[in-house]
Amino acid sequence: MPVERTEPQGAEELYRHYEVYETIGSGGFAKVKLGRHLLTGEKVAIKIMNKKELGEDLPRVQVEIEAMKNLSHQHVCRLYQVIETTSKIFIVLEYCPGGELFDYIIAKDRLSEEETRVFFRQIVSALAYVHSQGYAHRDLKPENLLIDADHNLKLIDFGLCAKPKGGLGYELMTCCGSPAYAAPELIQGKTYIGSEADVWSMGVLLFALLCGYLPFDDDNCMVLYRKITRGKYDNPHWLSPGSVLLLNQMLQVEPKRRLTVRQLLDHPWVLKEYNSPVEWHSKQPLGYIDEDCITEMAVSLKRSRESTTRLVKEWRYDHTTATYLLLLAKKRRGRPVRLRLEQPPVYDPYCCSPLHQGMQVRTASPPMLCSRYCNRSIGMQFSPPAEKRWLGSPTAQRKQPITARRPQEGRGREREPNKENMAAQQQRDVDIFMLPAPPTPASSKKSTRGPRTGLTTPTHKGKGARTDPLTPHGNFEPVIGDFLLGVTCMWSRIHLRSRSLDLAGTRDSGQRKKAGKVFGSLERGLDKVITMLTPSKRRGLRDGPRKIKAQYNVTLTSQTNADQVLNQILSILPEKNVGFNQKGYSLKCRTHGDYGKVTMAFELEVCLLLRPEVVGIRRQRLKGDAWVYKHLVEDILSACRI
Ligand code: ADP
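Residues numbered from 1 in each chain as written. Predicted model: local features only at pLDDT ≥ 70, side-chain atom pairs only at ≥ 80, totals over all residues. Heavy atoms only, no water.

(A) Structural view of the site of the ligand. The full set close to the ligand counts 21 residues, and F29, A30, K47, E94 and E100 are the nearest of them. Taking R60, its side chain carries an N or O atom lying 3.5 Å from an oxygen atom of the ligand. For the ligand, the protein covers 93% of the area, taking 550 Å² as the surface of the free molecule. Elements supplying a minimum of two residues to the shell around the ligand: strand 1 (18–26) and strand 3 (43–50). Here the element with the most residues in the shell around the ligand is strand 1; it accounts for three residues. Taken together, the residues that form the shell around the ligand break down as ten nonpolar, five polar and six charged. (Near = heavy atom within 4 Å. Polar contact = N/O pair within 3.5 Å; in protein donor to acceptor, adjacent residues only side chain to side chain. Areas by Shrake-Rupley, 256 points an atom, 1.4 Å probe, with all protein chains shown as cover. Helix = DSSP H or I, 4+ residues; strand = E, 2+ residues; numbered from the N terminus. Nonpolar A, V, L, I, M, F, W, Y, C, P; charged D, E, K, R; others polar.)

Following this line, the structure appears as structure tokens:
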């Protein structure tokens, strides 16, 4: 369902062109939401950053945006649009529905050498390209590689990348990235060559793919650093001699002895079963102009092809760029190169025209589209004049059947599905988030007023529903909600002292007993609340679990009763010091560190699987260290005895 708008002034530009849905991830700097581009109907990822919270990290975002504008490659996530408001920055990106490579690895424990090779070739391809453009990524890790709809990898998060002025051969100084993946020369504070440091991280990544854990790991940073600078790690028995050799060649402490990316392109391990070097040149070169997309935009804009081409070629990363690139993406997927212009009139309370003031109100969506009708823009920050023209006039009608002038549909199918991983892909339910149909005059009211299916269901917003992020169990009756609010607040306070120790598994038994006592009484209270809610009562409060297909971020249980599984999880979370908000069968979980800071956020959702017909638990990391998350979720699920 489209998320209710709480954005600041200036966000009109975003809501004018996109519908915004659930949060699908978050990192150190940003929250990422799923969105849909209205004109093309394409899904996008919208990275949202709060300027105030960014503070002195704001340059990092500028670096990321600049880098992404300069990169266009089949294994690099594509930037579509940048919108800046007084307080926020929205970055609209290619959407990767397959989630993080990290989750894929942990779901499978580890990958076979064959599957690793498929992914590793794509990583080498991306990095060879990124380096060829003069950039070092400097934060390579499986959380920063996303899986697209064709099961291919896309590199994200260029916030820490560097483009040395004198070229990639020039030395860098800044120590950055994630410690476990950082090269020895980097953590020693020496100057280093960006591409060499990236190869080390690729070695760590390769190890993680083949083994399912890290080569250098420790809860204590100093110990971790020592392990990295020594460069000693154990090769598990399942690694082939070829894999052992390749890892050894990449994880060389002395950077000059490390393999280079160029050497990786046709390394014997990389070539095995392919017999061809990695193809690293971009298949989607920057600045490429596709005539079919230009024709469609020209028709819709009522402009000449020449002026449309000129407009697109400005590459402003505004709505024109986004529309062109999304049309191109559609074409590559073999979909019709079509824009949808039939968008509903939207009420604008600030509009000067009495005619428009009488129009239908979209309660859950922003009132900002009136410029289409009276050309009055409201607080727009990033709308160049061309953008206003792009929207067209209210009376714009197509003068002749579009089909007569459109290019042949479905031409130029350039997309390359990852055939090697097709079996895995078939298992995935790409569309976990059910999206409303693209708005049409008839459906717009419905689609913006209430949710359809998805993680939240209409009944959850009923009586007693809570939206306060601190309040768990939004779907319980008020009195129960208040009781549980107290429980969560107490958890949060206890976390201040014990969580990090607990996660490291080093809390002494005295502390454990003391905490156990407090939790014991809280749990008993919680158990009581849960058992008080008989299944029939609960049925009135939530809709029932979603039915989904098996996919790799879903843990199968042997159970068939979703309520039982849900109750088990609910009783385990307090034991693990995990606070949560409940919406039906979906639990938004989080742990807290010192000073109450949220250290990790993830979602667990109890669902029904279609084949086999058992209960599953869908999990998604939203924030926090991926490996700590892995251990915690494993811990929770194994404690559930399901
Ligand atoms: P930050 O810059 O704050 O570290 P990231 O760019 O790493 O944020 O994004 C945070 C998370 O959001 C990612 O780890 C991923 O789970 C999700 N995410 C980011 N970009 C996309 C995308 N294009 N498609 C799908 N999910 C994404």
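(B) Examining the UniProt feature "binding site: ATP" (unreviewed entry) in the protein chain more closely. With numbering aligned to this structure, UniProt lists the feature "binding site: ATP" (unreviewed entry) at K47. Mapping K47 onto the fold places it in strand 3. Residues within four places of K47 in sequence aside, it is in contact with A30, K31, V32, E64, I89, F90, I91, L93 and D157. Here E64 takes part through its side chain, which lies 3.1 Å from a polar atom of the side chain of K47. (UniProt positions renumbered as here; feature names shortened; annotations may be inferred. Contact = heavy atoms within 4.5 Å.)

(C) Up close: the pairing of strand 2 (residues 31–37). Judged by how many residues are buried, strand 2 sits mostly within the fold: six of seven residues are covered. Where strand 1 lies against strand 2, six bridges are found, and the strand directions are antiparallel. Within strand 2, the position partnered with E19 by the bridge is R36. Hairpin remark: strand 1 followed by strand 2, antiparallel, with four residues in the connecting loop. Two strands pair when backbone bridges link them, and strand 2 and strand 3 are joined in this way by six bridges, in the antiparallel orientation. Its bridge partner lying in strand 3, R36 is registered against K43. The hairpin turn running from strand 2 into strand 3, its antiparallel successor, is five residues long, and G41 in that turn takes a positive phi close to 75 degrees. (Buried < 20%, exposed > 50% of the residue type's maximum accessible area, 1.4 Å probe, protein only. Pairing = 2+ DSSP bridges.)

(D) View of the sheet that holds strand 4 (residues 79–84). Overall, antiparallel pairing links the five strands, which are arranged 1-2-3-5-4 in an open sheet. Edge positions in the open sheet fall to strand 1 and strand 4, since each of these has one partner strand only. Adjacent strand axes in the sheet meet at a mean angle of 25 degrees, parallel and antiparallel pairs treated alike. Packing of helix 3 (residues 58–69) onto the sheet brings it into contact with strand 3, strand 4 and strand 5 (88–94), and relative to strand 5 it is tilted by some 30 degrees. Sheet strands touched by helix 14 (residues 319–332): strand 1, strand 2, strand 3 and strand 4. Its angle to strand 4, the strand with the most contacts, is close to 155 degrees. (Axes fitted to C-alpha atoms, helices over the stretch in contact; angles between N-to-C directions.)

(E) Focus on the packing of aromatic side chains. The full count for this structure, using the stated rule, is nine aromatic pairs. When the centroid spacing of 5.8 Å and the interplanar angle of 85 degrees are considered together, the rings of F207 and Y233 count as edge-to-face. Of this pair, F207 sits in helix 7 (residues 194–211) while Y233 sits in the loop between helix 8 (221–230) and helix 9 (241–250), placing them 26 residues apart in sequence. Overall, F207 belongs to the buried group, its relative accessible area being 0%. On the accessibility criterion, Y233 (14% relative accessible area) is buried. Between the aromatic rings of F216 and Y233, the centroid separation amounts to 5.8 Å while the plane-to-plane angle is 85 degrees, which identifies the pairing as edge-to-face. Within this pair, whereas F216 is found in the loop between helix 7 and helix 8, its partner Y233 is found in the loop between helix 8 and helix 9, the two being separated by 17 residues in sequence. Each of the two residues, F216 as well as Y233, counts as buried. Among the aromatic residues, those joined into a cluster by ring pairs are W200, F207, Y213, F216 and Y233. (Phe/Tyr/Trp six-rings, centres within 6.5 Å; stacked < 30°, edge-to-face > 60°.)

(F) Local environment of the packing of helix 5 (residues 113–132) against helix 7. Orientation of helix 5 relative to helix 7, taken along the N-to-C sense of each, is 165 degrees, at an axis distance of 10 Å. The angle between the axes of helix 5 and helix 7 places the two elements in the roughly antiparallel class. Here helix 5 runs over helix 7; the crossing is right-handed. Between helix 5 and helix 7, the residues in contact are E113, T116, F120, I123, V124, L127 and H131 and S195, D198, M202, L205, L206, L209 and L210, respectively. Tallied by class, residues from the contact of helix 5 with helix 7 come to nine nonpolar, three polar and two charged. (Parallel < 35°, antiparallel > 145°, perpendicular 65-115°, else oblique. Left-handed = near helix turned anticlockwise from the far one by under 90°.)

(G) Geometry of the confidence of the model for the protein chain. Considering every residue of the protein chain, the mean pLDDT works out to 72; 67% of them sit at 70 or more. Segment residues 344–415: pLDDT under 50, and 142 contacts once partners within four positions in sequence are set aside and those in other chains are kept. Low confidence marks residues 419–542, where pLDDT is under 50. Its contacts with residues over four positions away, or in another chain, come to 220 contacts. (pLDDT = per-residue confidence, 0-100.)

(H) Region of the structure containing the packing of helix 4 (residues 101–108) against helix 25 (residues 626–639). Running from N to C, helix 4 and helix 25 point in directions that differ by 35 degrees, and their axes come no closer than 11 Å. You can see that helix 4 and helix 25 cross each other, and the crossing is right-handed. Within the contact between the two elements, helix 4 uses F102, D103 and I106 and helix 25 uses A626, W627, Y629 and K630. Residues of the contact of helix 4 with helix 25, tallied by class, amount to five nonpolar, no polar and two charged.

(I) Quick look at the side chain of K630. You can see K630 is positioned in helix 25. Among residues more than four places away in sequence, those in contact with K630 are F102, I106 and G212.

(J) The arrangement of the pattern of salt bridges in detail. Taken as a whole and assessed by the stated rule, the structure comprises 25 salt bridges. A salt bridge links R316 to E314; its shortest N-O distance comes to 2.5 Å. A relative accessible area of 40% places R316 in the partly exposed class. We note a salt bridge from R618 to E605, for which the minimum N-O separation is 2.9 Å. Here R618 is found in strand 15 (residues 615–623), whereas its partner E605 is found in strand 14 (residues 598–609), with 13 residues between them in sequence. In terms of burial, R618 and E605 fall into one category: buried. (Salt bridge = Lys/Arg side-chain N within 4 Å of Asp/Glu carboxyl O.)

(K) Representation of the pairing of strand 4 within the structure. Among the six residues that make up strand 4, five are buried, leaving the element largely enclosed by the rest of the structure. The pairing of strand 4 with strand 5 spans five bridges and is antiparallel. Within strand 5, the position partnered with V82 by the bridge is I91. Between strand 4 and strand 5, which follow one another and run antiparallel, lie three residues.

(L) Quick look at the environment of I617. Relative to the helices and strands, I617 resides in strand 15. In the structure, I617 is positioned 20 residues away from L637 in sequence and 8.8 Å away in space, judged by C-alpha atoms. Excluding residues within four positions of it along the chain, I617 makes contact with N553, V554, T555, T557, V565, I569, L604, E605, L637 and I642.

(M) Up close: the nonpolar core. In terms of nonpolar packing, the biggest core is built from 143 residues, with L101, F120, M202, F602 and I636 touching the most fellow members. Ranked by the residues each element gives to this core, the list is headed by helix 7, at twelve residues. Contact partners of F120, with chain neighbours within four places excluded, come to M202, L206, L246, M250, L264, W269 and V270. Core analysis: the second largest hydrophobic core is formed by five residues, I548, C607, L609 and V614 among them. (Core = buried A, V, L, I, M, F, W, Y, C linked by side-chain atoms within 4.5 Å.)

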